[in-house]
Amino acid sequence: MNVTYSEKGQAVPTHVEHIPPQAFDAIAHTEVRWLSGGAAMINARGTVILIDPVLEGFDMPLTCEVPIQPKEVQRVDALLVTHIDNDHFSRPTIHHTRQVTKCYHTTQYVAQVMREEGIPGEGHGIGDTFDVENVRIRLTPAWHNWQNGSRKWKYREWKREDYCGFYLTTPDGTVWMPGDSRLLEEQLHYEEPDVILLDFADNDWHITFDGAVRLCNAYPNADLIPIHWGSVDAPDWSTFNGDPKRLREAIVNPERLHVLVPGQAYELKR
């Protein structure tokens, strides 16, 4: 399952696969790669999309290297960001890949922050759709405004619509990244995606383990790629400590759980 355990007992990937330059080429299918953390790369027949790439500058120690450095990113047709937290919105990564990135899409608030940084972010409301080449993308709701309960981070009123997920329709099937979110009832009633990029952190401001099982079982035929686990060396932080083996034991049709190592390609099929 590509899972091992650190000396501290944390589930971590067994290794990392470096992403080669040809991963950005036009291909005859759609590939999905986990970039470690909560990030992903999708190449849909040549349309390259990065979601929440954090390739440098994170302020906590990591258990593994990222599978690609910013200077190695060949081109990006769209860079998507689900929310402002620095394990999803990496200012250094965005600046250092700017020369090869065509456009940026996110929520209205994060787009405003991007523009303050000199990045031409385009903001959207929850439920909005837009197209990037041959991929249609819809923002799905998320509930992750934990900052309102923090004295340090409540420098504004954080709204639900400041956070989102992305539901992508590619020529070869659908990919849904719910993003960091408490489980919402409406998340259980979408058209079944072909693959879910699943944050399954057992944390009250994430989906929780039981919530992740409910979501997985609501879409019993969707392939599952676990993300947001095993990358940050923080064994006492539930936000980073999901165990894919435990998840596999709890869901229906467990063979559909594809535990990738960072950088590994998964071919999307309907």
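The notes below deal with the structure included here. On a predicted model such as this, the values are computed, not experimentally measured, just so you know.

Criteria and thresholds
- Residues numbered from 1 in each chain as written.
- Predicted model: local features only at pLDDT ≥ 70, side-chain atom pairs only at ≥ 80, totals over all residues.
- Heavy atoms only, no water.
- Buried < 20%, exposed > 50% of the residue type's maximum accessible area, 1.4 Å probe, protein only.
- Helix = DSSP H or I, 4+ residues; strand = E, 2+ residues; numbered from the N terminus.
- Contact = heavy atoms within 4.5 Å.
- Polar contact = N/O pair within 3.5 Å; in protein donor to acceptor, adjacent residues only side chain to side chain.
- 1 Å grid on protein atoms, 1.4 Å probe; cavity = no way out; pocket = protein on both sides within 12 Å on 5 of 7 lines; lining within 4 Å.
- Points joined across faces, edges and corners; volume = space filled by probe spheres on them.
- Pairing = 2+ DSSP bridges.
- Axes fitted to C-alpha atoms, helices over the stretch in contact; angles between N-to-C directions.
- Core = buried A, V, L, I, M, F, W, Y, C linked by side-chain atoms within 4.5 Å.
- Nonpolar A, V, L, I, M, F, W, Y, C, P; charged D, E, K, R; others polar.

Section: helix α3 (residues 209-218)
Move 1: Residues of α3 that are buried include every one of Phe209, Gly211, Ala212, Val213, Leu215 and Cys216, and no others.
Move 2: Residues of α3 that are buried sit in contact with β12 (173-177), β13 (195-199), β14 (223-227) and α4 (244-250).
Move 3: The N-cap residue of α3 is Thr208: its side-chain oxygen and the backbone nitrogen of Gly211 are 3.1 Å apart.

Overview of the environment of Arg91
Move 1: Summarising the element assignment, Arg91 is placed in helix α1 (residues 91-96).
Move 2: For Arg91, a relative accessible area of 31% puts it in the partly exposed group.
Move 3: For Arg91 and Glu117, which are 26 residues apart along the polypeptide, the C-alpha to C-alpha distance reads 8.2 Å.

Some points on empty space enclosed by the protein
Move 1: A full pass over the atoms with the stated rule returns three cavities of 30 Å³ or more.
Move 2: Each pocket or cavity is described by its volume, and for the largest cavity that value is around 160 Å³.
Move 3: Forming the walls of the largest cavity are 14 residues, and the residues nearest its centre are Ser36, Gly37, Leu62, Ser231 and Val232.

Focus: the side chain of Asp172
Move 1: Take Asp172: it is sitting in the loop between β11 (164-170) and β12.
Move 2: Classification of Asp172 by relative accessible area gives buried; the value is 11%.
Move 3: Every residue in contact with Asp172, bar those within four places of it in the chain, is listed here: His29, Thr30, Arg45, Leu268, Lys269 and Arg270.

Section: the sheet that holds strand β8 (residues 121-124)
Move 1: Strand order in the open sheet formed by seven strands is β8-β7-β6-β5-β4-β3-β15, and the pairing between neighbours is mixed. Both edges of this open sheet fall to β8 and β15 (265-267), since each of them pairs with a single strand only. Direction aside, the axes of adjacent strands within the sheet are offset by 25 degrees on average.
Move 2: The pairing of strand β7 (residues 104-107) with β8 spans four bridges and is classified as parallel. The partner of Thr107 across the bridge, within β8, is His124.
Move 3: Along the sheet, helix α2 (residues 108-116) makes contact with β7 and β8, crossing β7 at roughly 130 degrees.

Structural notes on the nonpolar core
Side chains of a nonpolar character, in soluble globular proteins, are inclined to be buried together.
Move 1: With 49 residues, the main nonpolar core has Ile137, Leu168 and Leu247 as its most contacted residues.
Move 2: For Ile137, the residues in contact, after removing those within four places along its chain, are Ile49, Leu80, Asp128, Thr129, Phe130, Val132, Phe166, Tyr167 and Leu168.
Move 3: Leu35, Leu50, Trp158 and Tyr163 belong to the second-largest nonpolar core, a separate cluster that totals 26 residues.

Considerations on the layout of surface pockets
Move 1: The computed volume of the largest pocket comes to approximately 710 Å³.
Move 2: Taken together, 30 residues line the largest pocket, and the ones lying closest to its centre are Asp85, Asn86, Asp87, Trp146 and Trp153.
Move 3: Those elements that place two or more of their residues in the lining of the largest pocket are α1 and α2.
Move 4: Broken down by class, the residue content of the lining of the largest pocket amounts to 15 nonpolar, nine polar and six charged.

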